[in-house]
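Understanding the architecture of this molecule
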Amino acid sequence: DKSNGVDGTLKLIYSRRTEAAAAFPGTWNREHLWPNSYGLGTSSKPSYTDLHNLRPADANVNSSRGNKLYDLSNLLDANYASPAHHEALETSRDTDSWEPPDDVKGDIARALFYMDVRYSGDHEDEPDLVLTNDLSLVQLYTPYFGRLSTLLKWHFDDPVDDSEIERNDLIHLNYQHNRNPFVDYPDSVSYTHLT
């Protein structure tokens, strides 16, 4: 179950723990899946506040993830840790990457695909966000993020489920009035510029 807050609770993205929505901003906060430090812009920009990119996360776990990119954790890395944080038992990390729980890997991938396609720099003051496999491009304050090949694998390994569809519907109907096409049409990943 991935609660979307309809009953006053939220399921935290990495901890997989359910919290009262009213506990914000105490025990949980907003996690930017595409970190702000990789080109989102200021808090007044739509890219910063886009609900498709925001998830509830344990505040301590969110700080532990920081702005690490998403990838499989390297067990040989000197900074490898599993769990990545004691409040997120299904996560792991290494020096530069974070591996989330299996049941949200596809959700995260599709949110990042959306961010790449939605924010293409074709509007004034809008970033051109780009998912990449070239990790040398992933530098602070640049619009690159990744690892694309891992995200594509997670997209196929963790298909869209009912809670993800419900979340997409809520964002569309009640808030932003737009949809994540990769939730509605998962096969579209094969014919976008992502691959």
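Being a predicted model, the structure only gives us computed values, none of them experimental.

Calculation criteria
- Residues numbered from 1 in each chain as written.
- Predicted model: local features only at pLDDT ≥ 70, side-chain atom pairs only at ≥ 80, totals over all residues.
- Heavy atoms only, no water.
- Core = buried A, V, L, I, M, F, W, Y, C linked by side-chain atoms within 4.5 Å.
- Buried < 20%, exposed > 50% of the residue type's maximum accessible area, 1.4 Å probe, protein only.
- Helix = DSSP H or I, 4+ residues; strand = E, 2+ residues; numbered from the N terminus.
- Contact = heavy atoms within 4.5 Å.
- Expected span 1.5 Å × (residues − 1).
- 1 Å grid on protein atoms, 1.4 Å probe; cavity = no way out; pocket = protein on both sides within 12 Å on 5 of 7 lines; lining within 4 Å.
- Points joined across faces, edges and corners; volume = space filled by probe spheres on them.

Turning our attention to the nonpolar core. With 33 residues, the main nonpolar core has Tyr-14, Trp-34, Tyr-70, Leu-112, Phe-113, Leu-131 and Phe-145 as its most contacted residues. Mapped by element, the contributors of at least two residues to this core are strand E5 (69-70), helix H3 (102-118) and helix H4 (148-157). With eight residues, the single largest contributor to this core is H3. Setting aside anything within four residues of it in sequence, one finds Leu-131 in contact with Trp-34, Leu-112, Phe-113, Asp-116, Phe-145, Gly-146, Leu-148, Leu-151 and Leu-194.

Because each turn of an α-helix spans 3.6 residues, side chains separated by three or four positions in sequence point in the same direction. Between the first and last C-alpha of H3 there are 25 Å, a value that for 17 residues agrees with the 24 Å anticipated at 1.5 Å per step. Among the 17 residues of H3, 13 are classified as buried, and the element is accordingly described as predominantly covered.

Moving on, we get to empty space enclosed by the protein. Taken as a whole, this structure holds one cavity of 30 Å³ or more when the rule is applied. Approximately 80 Å³ is the volume attributed to the largest cavity. Looking at the largest cavity, the residues that line it are His-52, Arg-55, Asp-107, Arg-110, Ala-111, Glu-164, Arg-167, Asn-168, Ile-171, Asn-180 and Val-183. Among the elements of the structure, H3 and helix H5 (162-175) are those that each provide at least two residues to the lining of the largest cavity.

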